[in-house]
Amino acid sequence: GGPSSSGGGEVVRELGPEEVRWFYREERKTWKPFIGYDSLRLELAYRALLLLHQRHGPDRPGPEPVCVRGGLYEVDVASADCYPVYWNPTEKIPVMRGQWFIDGTWQPLEEEESNLIEEEHLSCFKGQQMQETFDMEISKPVDGKEAVHSLKLSRTHVDWHSVDEVYLYSDATTSKIARTVTQKLGFSKASSSGTRLHRGYVEEATLEDKPSPTTHIVFVVHGIGQKMDQGRIIKNTAMMRDTARKIEDKYFGNHATHVEFLPVEWRSKLTLDGDTVDSITPDKVRGLRDMLNSSAMDIMYYTSPLYRDELVKGLQQELNRLYTLFCSRNPDFRAKGGKVSIVSHSLGCVITYDIMTGWNPVRLYEQLLEKEYEDLEDSWMSYEEQHLLDEFFLTKQRLKEIEERLHGLRTSTISKTPALKFKVENFFCMGSPLAVFLALRGIRPGNSGSQDHILPRTLCNRLLNIFHPTDPVAYRLEPLILKHYSNISPVQIHWYNTTNPLPYEHMKPSFLNPTKEPTSVSENDVVPTIPSPTTSPVMARRHYGESITNIGKASIMGAASIGKGLGGMLFSRFGRSSAPASQALEPGKEGAEAEEKKLTPSQASMGTQTFPHSSSGFLDPTLELEHRIDFELREGLVESRYWSAVTSHTAYWSSMDVALFLLTFMYKQDHEEEDGIKSLPDPV
């Protein structure tokens, strides 16, 4: 029952702050109630504001805005508006104070009506006894009872049949007719067209009804084409957040912790070329061209030496700004060991990767020059040529030293980009072309199964690459670490409603074409004899989507090589020189480089990887990855395959499977550290 009628014969009094409930409305949908913790604090701020206005007049500035919805939004009680803290508002979110509610739905009456009814109610019934219990009210029919009091509103009127029996009637002509008909038929006036109203919300607001503290934040980074629709990453993140909330409630409800998702909207602040590209775009098929300008264009911007830095800085500054803002508003987060993960989509994965590793094309160019110098040393040349070359490199070395001293930095300003203000726990790539970019930069498979080969663990604890089988922009990363993984299928992501799924680390590798390479399977190799859903080899599954995937490949390869200038020159030169480079290195050098790698993993490793040591012929097929990296969503049973190739690139945001996957890994780490709670749905 309603709080107003709960006690034994209570007296009508003014509503307490806990009986009032505040609501908000997004995208013109129905009003949603704030949780008790938020509603109570809003009501107290509202009452403080009224008091302030009574004492000092309405010109006095109101109280501080109230933080709501887990700290993601703030409410200005004076203007009755709710706005986001971490991103730009895409639309107004009105809030509303509810005192009188409609029976059944518990939706609030509009504030003006509500205030009038409340005033009237108090002036007539304040101090009167209410009935004993709620059950008695229900059992007594209202039939035939005349109203003891009535109040006329603009299009409706309210009748009080007793203190606790209040009905709202519409005064529109149709319902007047309906009312006369029903009265002739003998129906009671109250039950025919009236809506029962309740005073005070169905449950009292308490400060205990509050969200768990956030222990893990996830930055959600968009990919290409955000120019088309700036609010999209905010909507996509909201979808992901809502889906994750459902999963959290269902599977992780016993954890007193919480994962929060924050959108990183980095694209709209950048000017790039202003509108030059728009001005050179022909008018025919304008819509399609605009779409390409906003999507493929970002890849071209990224391979252009002119704008690449602007894209990198844009994302980096936004990530650091959000982290600093979050920590300032949640002072306990750092102290209690709060973690940060990043979920990136599409080109966002490449830019995030480059920020974490500090990779840039100039470093690649420097390595190429050094490589050429080494090649020249091996070849015969005249004394004068040798002398000039030595002088050139000594001068270059001196120049570098002066530059370093000038900027007071430990490393050259060229290769040094300021990093992130936080360590990345997990880097989840969704629909990511990162593997193509790495391959174009000359990264080749090595002979250790470590993630360090492409992303040092010192920079990011765990790299996970999620893709839909028909996503034309997504590529696998594992074969860049160990070549034979191209014949091992990606790990299948569990459907969210699978009962007792096998933990991911217990899933054995399964071969894509077991027949093709019988030599690589030794007797003790675990090829499952009984194919289970989690381990069955995926046979001949790719043919349908192949052409589309190739179109995607061609467009990305094309876009990556269009970036002429420095970027294009590097890619084309590198394409030629990478094959001999891999064989030209002597074993001694390889050892030295490995030593260097140990010394400064974050810098040296990126340097050594670009010139691969392994010649692909002598790989050990029994080598396994320390951790699996490629995870594939299972296809829907009914979706059309070609249609899914079009939609799959954006289908990650609302997927329950993706949400469970992300949370499984994030809760797993907290779980490992606490080691107390033992009821994960599927420990990874």
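Calculation notes
One numbering rule holds for all chains: residues counted from 1, following each sequence as written. Given that the model is predicted, a residue must reach a pLDDT of at least 70 before its local features are reported, and side-chain atom pairs must reach 80 or more before they are shown or counted; all residues, however, enter totals for whole chains, interfaces and linings. To get the side-chain values, take all heavy atoms of the structure and skip hydrogens and water. Here a strand is any run of E in DSSP of at least two residues, a helix any run of H or I of at least four, and the numbering for each starts at the N terminus. Given the number of residues in a helix, its expected span is that number minus one, multiplied by 1.5 Å. Each residue is placed in one exposure class: buried if its accessible area under a 1.4 Å probe, protein chains only, is under 20% of its type's maximum, exposed if it is over 50%, and partly exposed if it falls in between. The arc in question is formed by the directions pointing from the helix axis toward the C-beta atoms. The contact definition used throughout considers only heavy atoms, calling two residues in contact when any of these lie within 4.5 Å. Grouping buried Ala, Val, Leu, Ile, Met, Phe, Trp, Tyr and Cys residues that are joined through side-chain atoms within 4.5 Å yields what is termed a nonpolar core. For salt bridges, the criterion is a side-chain nitrogen of Lys or Arg within 4 Å of an Asp or Glu carboxyl oxygen. N or O atoms closer than or at 3.5 Å make up a polar contact, with two conditions inside protein: a donor-capable atom paired with an acceptor-capable one, and, for residues adjacent in sequence, both atoms drawn from side chains. One bridge is not enough; two strands pair if DSSP finds at least two bridges between them. Under this scheme, a helix contributes an axis fitted over its contacting stretch, all axes are lines through C-alpha atoms, and angles between N-to-C directions fall in the 0 to 180 degree range.

Asker: What am I meant to see in helix H2 (residues 111–125) here?
Answerer: Each full turn of the α-helix corresponds to 3.6 residues, which orients residues three or four apart in the same direction. Along its 15 residues, H2 runs 21 Å from first to last C-alpha, staying within 8% of the 21 Å computed at 1.5 Å per residue. Taken together, the buried positions of H2 are Ser114, Ile117, Glu118, His121, Leu122 and Phe125. Angularly, the buried residues of H2 cover 130 degrees about the axis, an arc narrow enough to put them on a single face. Relative to its buried face, H2 has exposed residues pointing more than 90 degrees away, namely Glu112, Glu119 and Ser123. Where H2 is buried, its residues contact strand S7 (100–102), strand S8 (149–152), strand S9 (156–162) and strand S11 (195–199). Downstream of H2 by a residue or two, glycine 127 has a phi angle that is positive, lying close to 90 degrees.

Asker: I would appreciate a short explanation of the nonpolar core in the present structure.
Answerer: Inside soluble globular proteins, nonpolar side chains tend to come together where they are buried. Judged by nonpolar contacts, the single largest core of 112 residues is most densely connected at Phe219 and Phe427. Excluding its chain neighbours within four sequence positions, the residues that come into contact with phenylalanine 219 are Leu262, Val264, Leu319, Leu322, Tyr323, Val340, Ser341, Ile342, Val343 and Phe422. Residues Leu153, Val166, Leu168 and Leu197 belong to the second largest nonpolar core, which totals 15 residues.

Asker: Before we go on, may I ask you to explain the pattern of salt bridges in this structure?
Answerer: Close approach of charged atoms allows side chains of opposite charge to pair. For the structure shown, the criterion picks out 22 salt bridges. Where arginine 97 meets glutamate 43, a salt bridge forms, and the shortest distance between an N and an O atom there is 2.8 Å. Taken together, the residues arginine 97 in strand S6 (residues 93–98) and glutamate 43 in helix H1 (residues 36–56) connect sequence positions 54 residues apart. A salt bridge links glutamate 118 to arginine 199; its shortest N-O distance comes to 2.8 Å. Of the two residues, glutamate 118 is situated in helix H2 and arginine 199 in strand S11; the sequence distance between them amounts to 81 residues. Three or more residues are tied together by salt bridges with common partners; here these are Arg308, Asp309, Asp354 and Arg441.

Asker: Any chance you could explain the side chain of glutamate 165 here in plain terms?
Answerer: Position of glutamate 165 among the secondary structure elements: in strand S10 (residues 165–170). With a relative accessible area of 2%, glutamate 165 lands in the buried category. A polar side-chain atom of glutamate 165 sits 2.8 Å from a polar atom in the side chain of serine 162.

Asker: Got a minute to help me understand the sheet that holds strand S12 (residues 214–221) in this structure?
Answerer: The strands that make up a sheet are held in pairs by hydrogen bonds between backbone atoms, and each pair lies either parallel or antiparallel. With respect to topology, seven strands assemble into an open sheet ordered S13-S12-S14-S15-S16-S18-S17, the strand pairing being parallel. A single partner strand is all that each edge strand has here, and the edge strands are strand S13 (258–264) and strand S17 (491–492). With five bridges joining them, strand S14 (residues 339–345) and strand S15 (residues 424–430) adopt parallel strand pairing. Pairing of serine 344 across the sheet is with cysteine 429, part of S15. Each of S12, S13, S14 and S15 touches helix H6 (residues 232–251); the most contacted strand, S13, lies at about 170 degrees to it.

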